[in-house]
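# Architecture and fold: a report
Each chain, letter by letter, is given below.
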Amino acid sequence: MSLVSIVIPCRNEVKYISNLLNSIRNSDYPQLLIEILVVDGMSNDGTRDLIINDFITNSNNIKLLDNIKQKTPFAFNLGIKSSQGEYIIILGARHVISKNYISQAIETLKVNKEIGCIGGVVNNVFENKTSEIISLAMSSPFGIGFSNFRSIKKDSYVDSIGSPCFRMDIFNEIGYFDERLTRNQDDDFSFRIIKAGYKILLKANISVQYNVRASFKKLYTQYKQYGYWKVFVNKKHKSVTTLRQLFPMLFLMSIFVLTFISFIFPLAAVVIILEITIYFLISLFFSLKSLKHSNFGLNNLLSHMYTCLILHVSYGHGYIEGIFDFLIINRLPKTNHEKLSR
């Protein structure tokens, strides 16, 4: 069997990281062949003390590295470059992996060399009703787009994956994560994997639990940043990496443009009403479908539709802002898009 290095970027995750580390301990993969590198962004909430006192003192396979730049791709690269494993798995501090996650991911990569990256099904977990509604919307094809790995529950080739596992030599071939990217560094790397001729596999018999944020405000900031940085990635590759990324932006732009046109051509107002009506009918259909397979009743219908609207408007807002900054005036990223929505 092969040595695997697990890279965990984190900052102020004292509430969650123990669950992740314990899930790694309970893995069916031999602990002697697991190296854990926690790359901490100088946490000040007790995360560091917890790791040092409760885990490092009781284990010989955990290292704590300092992410002084407090940037996610810098943490990825620092962990990867400090690792000794033949395989690399990147896990978020809010994740909990299934018992077979490591063994099945590595076995698949060993057998199938055309697979450049593999990950599992995402099962969202939540703290309260708000995070439960957000979780439901983030699992909906309408909420986050068809073919998104968060909404797929069967073996599929995808364009990006969460909690990815790689062969170490992939980094020698295509390079490391782009440290300029505050968001979408995984999308950028996934695009480069596919461009190099590999496939990204979502494997249905392994899974990861993800603790969903419980704030609509933070959700808006998160997806606004996703949209904003997506344009930076597109500019870098001179390509639109996925078609679904365009729909929120086109929806917002059409409403904006038609509103101005309606002052000259009143008929445009009819088109706006028709477009918004179609949007909400589609939202209603998928919200009813999501609620049918959940513990929620119809009294949560508007909350689900509202969450989907937040996802679309925030992403489209960020995308439009990114087009202006990166493509029109050719400026560097704004500082307010550098801060993560924790």
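Heads up: these notes are all about the structure in this document.

### With respect to the overall build of the protein
- For the protein, the helix and strand inventory stands at 12 helices and nine strands.
- Scaling as 2.2 N^0.38, a compact globule of 342 residues should have a C-alpha radius of gyration of about 20 Å, and the protein matches this with 21 Å.
- In terms of its C-alpha atoms, the protein occupies a principal-axis envelope of roughly 70 × 45 × 40 Å.
- A sequence separation of at least 24 residues applies to 79% of the contacts in the protein between residues at least 6 apart.
- Working note: accessible area of the protein is about 16,000 Å², and carbon and sulfur atoms make up 61% of it.
- Taken as two groups, the 38 positive and 26 negative side-chain charges of the protein have centres that lie 4 Å from each other.

### Comments concerning the environment of Val 313
- Locating Val 313 in the fold gives a position in helix α12 (residues 301–328).
- Residues Val 313 and Glu 179, spaced 134 residues apart in sequence, show a C-alpha to C-alpha distance of 27 Å.
- Apart from residues lying up to four places away in sequence, Val 313 is in contact with Tyr 220 and Leu 252.

### Things to note about the pairing of strand β2 (residues 34–40)
- Among the seven residues that make up β2, seven are buried, leaving the element largely enclosed by the rest of the structure.
- Side chains of β2 alternate between two faces, with Ile 34, Ile 36, Val 38 and Asp 40 and Glu 35, Leu 37 and Val 39 buried alike.
- One ladder, built from seven bridges, connects strand β1 (residues 4–10) with β2; its direction is parallel. What sits directly across from Cys 10, in β2, is Asp 40.
- Following the backbone out of β1, through helix α1 (residues 17–25) and into the adjacent parallel β2, one traces a crossover that is right-handed.
- Traced from β2 through helix α2 (residues 47–55) to strand β3 (residues 62–66), the parallel crossover comes out right-handed.

### Some words on the pattern of salt bridges
- The full count for this structure, using the stated rule, is 12 salt bridges.
- As a salt-bridge pair, Asp 40 and Arg 48 come within 2.9 Å of each other at their nearest N and O atoms.
- For Asp 40, a relative accessible area of 0% puts it in the buried group.
- Each of Asp 178, Arg 180, Asp 188, Arg 192 and Lys 236 takes part in one network of salt bridges that share partners.

### Observations regarding the packing of aromatic side chains
- Tallied over the entire structure, the rule returns 22 aromatic pairs.
- Aromatic pair Tyr 228 and Trp 229: ring centres 6.0 Å apart, planes at 85°, arrangement edge-to-face. In terms of burial, Tyr 228 and Trp 229 fall into one category: buried.
- Three or more aromatic residues joined by ring pairs form one cluster here, namely Phe 76, Phe 166, Phe 171, Tyr 176, Phe 177 and Phe 189.
- In this arrangement the basic side chain of Lys 81 is found over the ring face of Tyr 176, its NZ or CZ atom lying 4.8 Å from the centre.
- Above the ring of Tyr 157, the side-chain terminus of Lys 199 is found at 4.6 Å from the ring centroid.

### Brief notes about the nonpolar core
- Counting 63 residues, the largest nonpolar core has Ile 8, Ile 17, Ile 24 and Ile 102 as the members making the most contacts within it.
- Beyond its immediate chain neighbours, meaning those up to four positions away, Ile 24 contacts Ile 6, Ile 8, Gln 31, Ile 34, Ile 36, Leu 91, Ile 97 and Ile 102.

### Remarks on the side chain of Ser 103
- Looking at the element boundaries, Ser 103 is found in helix α4 (residues 101–111).
- At 2.8 Å, the side chain of Ser 103 and the side chain of Asp 28 are in polar contact.
- With residues up to four places along the chain from it excluded, the contact list for Ser 103 reads Asp 28 and Tyr 29.

Conventions we followed
Residues numbered from 1 in each chain as written. Predicted model: local features only at pLDDT ≥ 70, side-chain atom pairs only at ≥ 80, totals over all residues. Heavy atoms only, no water. Helix = DSSP H or I, 4+ residues; strand = E, 2+ residues; numbered from the N terminus. Rg over C-alpha atoms; globule rule 2.2 N^0.38 Å. Contact = heavy atoms within 4.5 Å. Areas by Shrake-Rupley, 256 points an atom, 1.4 Å probe, with all protein chains shown as cover. Lys, Arg positive; Asp, Glu negative; His and termini not counted. Charge placed at Lys NZ, Arg CZ, Asp CG, Glu CD. Buried < 20%, exposed > 50% of the residue type's maximum accessible area, 1.4 Å probe, protein only. Pairing = 2+ DSSP bridges. Right-handed = clockwise from strand over helix to strand, strands pointing away. Salt bridge = Lys/Arg side-chain N within 4 Å of Asp/Glu carboxyl O. Phe/Tyr/Trp six-rings, centres within 6.5 Å; stacked < 30°, edge-to-face > 60°. Lys NZ or Arg CZ within 6 Å of the ring centre and 35° of its normal. Core = buried A, V, L, I, M, F, W, Y, C linked by side-chain atoms within 4.5 Å. Polar contact = N/O pair within 3.5 Å; in protein donor to acceptor, adjacent residues only side chain to side chain.

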